[in-house]
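Residue-level structural notes
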Amino acid sequence: MPFTSNRQFKKAPRMFVGAKDMFYTTSDGRQVLDGTAGLWCVNAGHCRPRIAQAIGEQAAEMDYAPAFQMGHPKAFELANALVGIAPEGMNHVLYTNSGSESVETALKVALAYHRVKGDGSRFRLIGRERGYHGVNFGGISVGGIVTNRKMFGTLLTGVDHLPHTHTPGKNQFTRGEREEGANLADELERIVTLHDASTIAAVIVEPVAGSTGVLIPPKGYLQKLRDITKKHGILLIFDEVITGFGRLGTPFAADYFGVIPDMIVAAKGLTNGTIPMGAVMVTSEIHDAFMQGPEHMIEFFHGYTYSGNPVASAAGLATLEVYKEEGLLTKGAGEIGKYWEDALHSLKGLPHVIDIRNLGLVGAVELEPIAGSPTKRAFAAFVKAFESGILIRTTGDIIAMSPPLMVEKSHIDQLIGTLSTILKGLE
Ligand SMILES: Cc1ncc(COP(=O)(O)O)c(C=O)c1O
């Protein structure tokens, strides 16, 4: 099982057998409130009839069309719909089947872009400590979570990392973005000075670091990264696999922060988690750079058998319709976002709670680790939560929550109320 303590799980399996809107049903017939939108992906809530119907109809009408040298209308319709909700300038879409593949695709686009422009000395990729960019080799190379990297020998060469943006002691219990810390982006200037801009292809960051435990960037930090990358001709890639599709109360984090990168990496919420699908959105400048040479030639030697799969495309189109009709991509910016923030921060002062962080409809509660047994306390909370009817996620000793965007106040009350009881009873 992926990212699972397999032996422990098999001794006491936790199984879901059904889902509807905000709730899962367990194999022993209990209802569990989904506090994590599955794995940050079921943004519209579970088993939405419209999405299920679109998937069924497409599977019956045309299950698969070859992705290379052939097309089908829904892949283009979805690309247009994506461009329609994407930040200004993101005009072209490449499809993948996951966040990890989207990351690899974006990194390859960055390298190839400089090369087709005659700037092939730009081979370096800059990531960030504590960054999560999936599990493939490019992603773990630019990623900065040590447990995901240390087992796998030599990763990509020519990679450097920015420092992460979390400064315990300075920013505990901040609501939303904190004021100080934008200067952490100046580290990019140091890296550029060290390697020379002429060797650097791209910088990739999650606008809000999710999987490492929800690290909110300081005010002005992402704009600084944008300014420095632009100044040096370096591409800026936002990995929006988590922050995309309404998580921060805007369609993308780029909208929330008012910072437009050169590429956006997406997946998860694109199909509401139903059918695996990812996407990389790029500017016309990047796209057009490839459109040269003889017309019979393939412009970019990359792609997947299932890129733009018809059933996934149908799921994506139906998902975007549901988001639009229900206002889900901006719901977190309204009253519910404030309610979420207040509820989360009401946990301050409970045993072991050393930090609480939030933005949009995402939040984290960091616990003091048990001395000598890191992760154990949060994992105990996770198991207790499941038994008590709520699904949370833990990473290290951090509890992360990101409910489906259809969440209502009563769900937040149940989630935070149950968590509060659990925290009071933790060893
Ligand atoms: C920011 C980010 N990038 C990439 C990924 C990888 O996505 P996947 O698990 O679909 O490969 C994730 C998954 O959580 C993610 O959060």
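No experiment lies behind these values; they were computed from the predicted model shown.

The next thing to look at is the overall build of the protein chain. Within the protein chain, the secondary structure is distributed over 16 helices and 15 strands. When the backbone C-alpha atoms are referred to their principal axes, the protein chain occupies close to 65 × 55 × 45 Å. Across the 427 residues in the protein chain, those meeting the buried criterion constitute 55%. Pairs at least 24 apart in sequence give 73% of the contacts found in the protein chain among residues at least 6 apart. Approximately 18,200 Å² of the protein chain is accessible, and the part contributed by carbon and sulfur atoms is 56%.

The next subject is the site of the ligand. Around the ligand lies a shell formed by S98, G99, S100, Y132, H133, G134, E206, S211, D239, V241, I242 and K268. Within the backbone of G99, an N or O atom sits 2.8 Å from an oxygen atom of the ligand. Here S100 contributes a side-chain N or O atom positioned 2.6 Å from an oxygen atom of the ligand. Computed on the free molecule, the ligand has an accessible area of 390 Å², of which 83% lies beneath the protein chains in the complex. Classifying every residue of the shell around the ligand gives 3 nonpolar, 6 polar and 3 charged.

Moving on to the sheet that holds strand β3 (residues 31–34). Adjacent strands of a sheet form backbone hydrogen bonds with each other and so pair up, either parallel or antiparallel. With mixed pairing, the 4 strands of this open sheet are ordered in space as β1-β2-β3-β13. Unpaired on one side and paired on the other, β1 (16–20) and β13 (390–391) mark the two borders of the sheet. Inspection of the sheet shows β1 paired to strand β2 (residues 23–26) by 4 bridges, in the antiparallel sense. Paired with F16 across the two strands is T26, which belongs to β2.

Here we take up the pattern of salt bridges. The final tally for this structure, using the stated rule, is 20 salt bridges. Across the pair R190 and E187 runs a salt bridge whose closest N-O atoms are separated by 2.7 Å. Of this pair, R190 and E187 both sit in helix α8 (residues 187–195), separated by 3 residues, roughly a single helical turn. On the basis of relative accessibility, which here comes to 44%, the residue R190 falls in the partly exposed class. Residue E187 is classed as partly exposed on the basis of its relative accessible area, which comes to 27%. Residue K331 is joined to E408 by a salt bridge in which the shortest nitrogen-to-oxygen separation is 3.4 Å. Taken together, the residues K331 in helix α13 (residues 328–331) and E408 in the loop between β15 (398–401) and α16 (409–425) connect sequence positions 77 residues apart.

Residues of β15 alternate between two faces, with I398 and A400 on one and I399 and M401 on the opposite face, all of them buried. Inspection of the sheet shows strand β12 (residues 362–367) paired to β15 by 4 bridges, in the antiparallel sense. Bridge pairing links E366 to I398 in β15. Looking at chain direction, strand β14 (residues 393–395) and β15 are connected through 3 bridges and run antiparallel. Residue pairing in the sheet places R393 in a bridge with A400 of β15. Here β14 hands over to β15 after 2 residues, with G396 in that stretch at a positive phi of 60°.

In this structure, V365 and M401 are the most contacted members of the largest nonpolar core, which totals 98 residues. Sort the elements by how many residues they give to this core and helix α12 (residues 310–325) lands first, with 8 residues. In this structure M401 touches G35, W340, L344, L361, V362, G363, V365, I392, L415, I416 and L419, once residues within four positions along its chain are discounted. One finds A202, V280, V282 and I286 within the second-largest nonpolar core, a separate group that totals 23 residues.

A few words on the sheet that holds β15. Spatial ordering of the open sheet is given by β11-β12-β15-β14, a layout of 4 strands whose pairing is antiparallel. Each having just a single partner strand, β11 (353–359) and β14 make up the two edges of the open sheet. Strand-to-strand twist of the sheet, defined as the mean angle between neighbouring strand axes without regard to direction, takes the value 20°. Sitting on the sheet, helix α14 (residues 335–345) is in contact with β11, β12 and β15, with an inclination near 175° to β11. On the sheet, helix α15 (residues 376–388) packs against β12, β14 and β15 and is oriented at approximately 170° with respect to β14.

Among the structural elements, N171 can be located in the loop between β6 (159–162) and α8. A polar atom in the side chain of N171 sits 3.1 Å from the side chain of T167. With sequence-adjacent residues up to four places away left out, N171 is seen in contact with H166, R178 and D355.

Turning to the packing of aromatic side chains, a few remarks are in order. Scanning the model with the defined rule gives 9 aromatic pairs in all. Centroid distance F16 to F386: 5.9 Å. Interplanar angle 65°. Geometry classified as edge-to-face. Of the two residues, F16 sits in strand β1 while F386 sits in helix α15, which places them 370 residues apart along the sequence. On the basis of relative accessible area, F16 is assigned to the partly exposed category, the value being 33%. A residue is classified by how much of its surface remains accessible, and F386, at 11% relative accessible area, is buried.

Turning to helix α5 (residues 99–116), a few remarks are in order. With 18 residues, α5 extends 25 Å between its outermost C-alpha atoms, agreeing within 8% with the 26 Å of an ideal straight helix rising 1.5 Å per residue. Among the 18 residues in α5, 13 count as buried, and that is most of the element. With a side-chain oxygen positioned 3.4 Å from the backbone nitrogen of S100, the residue opening α5 is S98. Following α5 by one or two positions, G118 has its phi on the positive side, about 80°.

A few words on α12. Every α-helix carries 3.6 residues per turn, so stepping three or four residues along brings you back to the same face. Along its 16 residues, α12 runs 23 Å from first to last C-alpha, staying within 8% of the 22 Å computed at 1.5 Å per residue. Extensive coverage of α12 is indicated by the burial of 13 of its 16 residues. Its side-chain oxygen 2.8 Å from the backbone nitrogen of V311, N309 forms the N-cap of α12. Positioned one or two residues after α12, G327 has a phi angle of 65°, which is positive.

The rules we used
Per chain, residues are indexed from 1 in the order of the written sequence. Two thresholds apply to this predicted model, a pLDDT of at least 70 for residue-level local features and 80 or more for giving and counting side-chain atom pairs, whereas whole-chain, interface and lining totals are computed over all residues. Side-chain numbers come from the whole structure's heavy atoms, not from hydrogens or water. A run of H or I in DSSP becomes a helix once it reaches four residues, and a run of E becomes a strand once it reaches two; helices and strands are each numbered from the N terminus. Burial classification: accessible surface area is computed with a 1.4 Å probe over protein chains only, and a residue below 20% of its type maximum counts as buried, one above 50% as exposed, and the rest as partly exposed. The contact rule is simple, with two residues in contact once any of their heavy atoms fall within 4.5 Å. What sets the accessible areas is the Shrake-Rupley method with a 1.4 Å probe; for residues, cover comes only from the shown protein chains. In these notes, residues near a molecule or strand are those with any non-hydrogen atom within 4 Å of it. As used in this structure description, the phrase polar contact means that two N or O atoms lie within 3.5 Å; if the pair is within protein, one of them must be able to donate a hydrogen and the other to accept it, and residues adjacent in sequence are counted only when both atoms belong to side chains. Gly is placed with the polar residues, together with every amino acid not listed as nonpolar (Ala, Val, Leu, Ile, Met, Phe, Trp, Tyr, Cys and Pro) or charged (Asp, Glu, Lys and Arg). DSSP bridges decide pairing: two strands pair if at least two such bridges lie between them. By definition here, a salt bridge exists when the distance from a side-chain nitrogen of Lys or Arg to a carboxyl oxygen of Asp or Glu is within 4 Å. Among buried residues, the Ala, Val, Leu, Ile, Met, Phe, Trp, Tyr and Cys ones that are joined through side-chain atoms within 4.5 Å form a nonpolar core. Think of each axis as a best-fit line through the C-alpha atoms, taken over the contacting stretch in the case of a helix, with angles from 0 to 180 degrees between the N-to-C directions. Two rings from Phe, Tyr or Trp (for Trp, the six-membered ring) form a pair when their centres are within 6.5 Å of each other. A pair whose planes differ by under 30 degrees is stacked, one over 60 is edge-to-face, and the rest are tilted. An expected span of 1.5 Å times one less than the residue number is assigned to each helix.

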